[in-house]
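# Descriptive analysis of the structure
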Amino acid sequence: MAVETASAPTLDLAALREDFPILRRRINGRPLVYLDNAATSQKPRQVLDTLIHFYEHSNANIHRGVHTLGAEATGAYERTRTLAADLIGAASSEEIIFTRNTTEAINLIAYTWALEALQPGDEIVVTRLEHHSNLVPWLRLAQEREAKLCVIELTPDGRLDLDSLDELLTERTKLVAVGHASNVLGTIAPVEELARRAHAVGARLLVDAAQSVPHQPVNVQELSCDFLAFSAHKMLGPTGVGVLWARQELLEAMPPFLGGGSMIGRVTLDRVTWNVLPYKLEAGTPNIADVVAFGTAIEYLQRVGMAAVRAHERELLAYALEQLADRPELELYGPTDLDQRGGVISFNVRGVHSHDVSTILDEQAIAVRAGHHCTQPLHEWLDVAGSTRASFYLYNTPADVDALVSGLDRVKEVFHRAIGRAL
Ligand code: PMP
């Protein structure tokens with residue numbers, strides 16, 4: 001386990017990697033090089049231990065039973081809520097709603113707050129970079145409410161074109177929904193500025209933080225956003241847990257999402273009242289064990305330090321871009337200013353399908369992702385059907401980058417004719 005130092009955040013990579021059992025795996029006789037962290041992260045032993053410990057010692061349903069196990073399970077579940085609140089600087093843990101993932105958190109806002117707030121003719125502003133999770137719910141809602149979807153387009157190197165905001169933001173804008181860090185280009189959105197501009201026309205700002213909370217310090221007060229969503233599985237935690245944060249007054253005013261157990265105050269056959277926050281928005285038995293283990297993941301990241309995670313990924317990104325420069329067969333996407341970019345590199349090898357690139361890399365035990373990465377409008381803008389994506393996390397090393405580079409040498413060897421034709 002590495003610890004952040006105040007002046008120079010560096011990670012003790014050898015010790016840290018020991019915490020991740022899966023990194024000892026070999027594939028095709030070679031050590032695994034895991035560069036698919038934007039899709040999901042690997043889990044440290046501490047998180048796996050928490051899961052087993054919970055089921056072996058404290059498993060029970062929460063918030064109901066008065067028995068010892070019920071109280072222990074409730075305490076462990078609620079402890080994660082406090083850890084999540086502290087991680088993002090929420091004013092209180094009541095502002096943290098557990099969902100299944102980022103997608104569900106965004107849909108929750110679409111089908112509660114937004115469904116009430118939007119009138120025909122109103123406008124929702126999104127960006128060209130959005131993951132389908134932060135686009136499809138707004139497309140559906142715009143259709144349902146006869147609202148209009150407006151799009152912030154990109155500069156040639158893939159940053160948000162803020163010049164278009166003057167035209168896009170009007171008194172009809174009710175919501176600006178923006179990805180904090182792009183899962184394809186890595187672009188980091190200037191959220192504070194977007195919040196200021198959105199609030200100036202009376203709109204709310206929703207931040208899809210699926211690719212930022214796992215990788216950099218995020219503080220909702222500093223961002224001045226109104227809603228924020230992220231997923232545990234991308235930040236060392238288990239699958240099946242997401243977080244929705246929203247300002248308390250907004251959550252208080254919102255109607256419930258799902259109806260059922262836990263979310264009610266009192267039920268008679270002709271009337272129902274709602275529970276207090278956060279329970280009003282968490283119907284039914286939640287994903288208890290995974291939420292508990294997510295708490296261990298947050299503690300792990302906090303011990304390392306989010307600034308150290310960001311600094312490490314930025315170093316890897318700089319090293320990788322340097323190694324991949326001056327290769328005419330590569331088409332690299334994303335901002336050149338690394339202060340405006342997370343640890344993601346998407347690219348194409350000219351003349352070669354992205355699935356073929358990732359298959360050749362997989363033969364060398366290098367896990368990357370190929371396809372449209374749930375961002376079809378962005379790939380339309382890039383004018384390609386798909387791309388190959390390598391994405392870093394705290395346990396990746398410069399040796400992983402070297403493996404990627406030699407893996408791409410192999411792609412060049414295998415496809416030299418196709419590449420030659422495309423150049
Ligand atoms: N937004 C972004 C930017 C993402 O990268 C992802 C995951 N690829 C999501 C939303 C959706 O996350 P989940 O699948 O956990 O709901």
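Look up: the structure comes first, before these words.
Residues numbered from 1 in each chain as written. Predicted model: local features only at pLDDT ≥ 70, side-chain atom pairs only at ≥ 80, totals over all residues. Heavy atoms only, no water.

### Overview of the pairing of strand S17 (residues 387–391)
With respect to burial, S17 is a largely interior element, 5 of its 5 residues being buried. In this sheet, S17 lies alongside strand S14 (residues 344–349) in antiparallel orientation, the contact comprising 4 bridges. Among the inter-strand pairings, Ser346 is bridged to a residue of S17, identified as Arg389. Where strand S16 (residues 369–371) meets S17, 3 bridges bridge the pair, whose relative direction is antiparallel. (Buried < 20%, exposed > 50% of the residue type's maximum accessible area, 1.4 Å probe, protein only. Helix = DSSP H or I, 4+ residues; strand = E, 2+ residues; numbered from the N terminus. Pairing = 2+ DSSP bridges.)

### Side note on the sheet that holds strand S5 (residues 123–127)
Here we have 7 strands laid out as an open sheet, ordered S4-S10-S9-S8-S7-S5-S6, and mixed in their pairing. Whereas interior strands pair on both sides, the edge strands pair on one side only; in this sheet they are strand S4 (96–99) and strand S6 (148–152). Recorded for the sheet is a direction-independent mean angle of 20° between the axes of neighbouring strands. Here 5 bridges tie strand S7 (residues 173–179) to strand S8 (residues 204–208), and the two strands are oriented parallel to one another. Note that in S8 the partner of Ala177 across the bridge is Leu206. (Axes fitted to C-alpha atoms, helices over the stretch in contact; angles between N-to-C directions.)

### Quick notes on helix H10 (residues 288–304)
Helix length check: H10, at 17 residues, gives a terminal C-alpha distance of 25 Å against a target of 24 Å (1.5 Å per residue), a fit within 8%. Counting buried residues along H10, 14 of its 17 residues qualify, which places the element largely inside the surrounding structure. A positive backbone phi angle near 100° is found at Gly305, which sits one or two residues after H10. (Expected span 1.5 Å × (residues − 1).)

### Remarks on the layout of surface pockets
Roughly 450 Å³ of volume is contained in the largest pocket. The wall of the largest pocket is formed by 33 residues, among which His131, Ser133, Asn183, Lys234 and Cys374 lie closest to the centre. When its residues are assigned to classes, the lining of the largest pocket shows 11 nonpolar, 17 polar and 5 charged. The computed volume of the second largest pocket comes to approximately 260 Å³. Contributing to the lining of the second largest pocket are 18 residues, with Phe98, Thr99, Arg100, Glu104 and Ala283 lying nearest its centre. Broken down by secondary-structure element, the contributors of at least two residues to the lining of the second largest pocket are S4 and helix H4 (102–117). Of the residues contributing to the lining of the second largest pocket, the split by class is 9 nonpolar, 5 polar and 4 charged. (1 Å grid on protein atoms, 1.4 Å probe; cavity = no way out; pocket = protein on both sides within 12 Å on 5 of 7 lines; lining within 4 Å. Points joined across faces, edges and corners; volume = space filled by probe spheres on them. Nonpolar A, V, L, I, M, F, W, Y, C, P; charged D, E, K, R; others polar.)

### Section: the nonpolar core
Soluble globular proteins: nonpolar side chains tend toward being buried together. Within the largest apolar cluster, 78 residues are counted, with the highest numbers of intra-cluster contacts made by Ile88, Leu228, Phe294 and Leu394. Setting aside chain neighbours within four positions, we find Phe294 in contact with Thr80, Phe98, Phe230, Ala232, Met235, Gly237, Pro238, Val241 and Val243. Counting 28 residues, the second largest nonpolar core, distinct from the first, contains Ala110, Leu141, Ala142 and Ala177. (Core = buried A, V, L, I, M, F, W, Y, C linked by side-chain atoms within 4.5 Å. Contact = heavy atoms within 4.5 Å.)

### Looking at the packing of aromatic side chains
Scanning the entire structure with this criterion turns up 6 aromatic pairs. Among the aromatic side chains, those forming a connected cluster through ring pairs are Phe20, Tyr300, Tyr393 and Tyr395. (Phe/Tyr/Trp six-rings, centres within 6.5 Å; stacked < 30°, edge-to-face > 60°.)

### Side note on empty space enclosed by the protein
Following the criterion strictly, the structure yields 2 cavities of 30 Å³ or more and no others. Volume-wise, the largest cavity comes out at about 110 Å³. A breakdown of the residues in the lining of the largest cavity according to their chemical character gives 5 nonpolar, 8 polar and 2 charged. The calculated volume of the second largest cavity comes to roughly 60 Å³.

### Brief notes about the pattern of salt bridges
A full pass over the atoms with the stated rule returns 21 salt bridges. One salt bridge connects Glu193 with Arg196, and the closest N-O pair in it is separated by 3.9 Å. On the criterion of helical spacing, the pair formed by Glu193 and Arg196 is a turn pair, its members being 3 residues apart in helix H7 (residues 191–200). For Glu193, a relative accessible area of 29% corresponds to the partly exposed category. A relative accessible area of 54% means that Arg196 is categorised as exposed. (Salt bridge = Lys/Arg side-chain N within 4 Å of Asp/Glu carboxyl O.)

### Some details on the site of the ligand
Neighbouring residues of the ligand: Asn101, Thr102, Thr103, His131, Ser133, Asn183, Asp208, Ala210, Gln211, Ser231, His233 and Lys234. In the model, a nitrogen atom of the ligand is placed 3.2 Å from a nitrogen or oxygen of the His131 side chain. Starting from 390 Å² of accessible surface for the ligand in isolation, the protein chains cover 87%. Here the ligand occupies the largest pocket. (Near = heavy atom within 4 Å. Polar contact = N/O pair within 3.5 Å; in protein donor to acceptor, adjacent residues only side chain to side chain. Areas by Shrake-Rupley, 256 points an atom, 1.4 Å probe, with all protein chains shown as cover. Sits in = over half its atoms within 2 Å of the grid points.)

### Observations regarding the packing of helix H2 (residues 45–58) against helix H3 (residues 68–88)
Between H2 and H3, the least distance of the axes is 10 Å, while the angle of their chain directions is 155°. By the criterion of interaxial angle, the relationship of H2 to H3 is roughly antiparallel. Along its contact with H2, which presents Phe54, His57 and Ser58, the element H3 presents Leu69, Glu72 and Ala73. Counted by class, the contact of H2 with H3 contains 3 nonpolar, 2 polar and 1 charged residues. (Parallel < 35°, antiparallel > 145°, perpendicular 65-115°, else oblique.)

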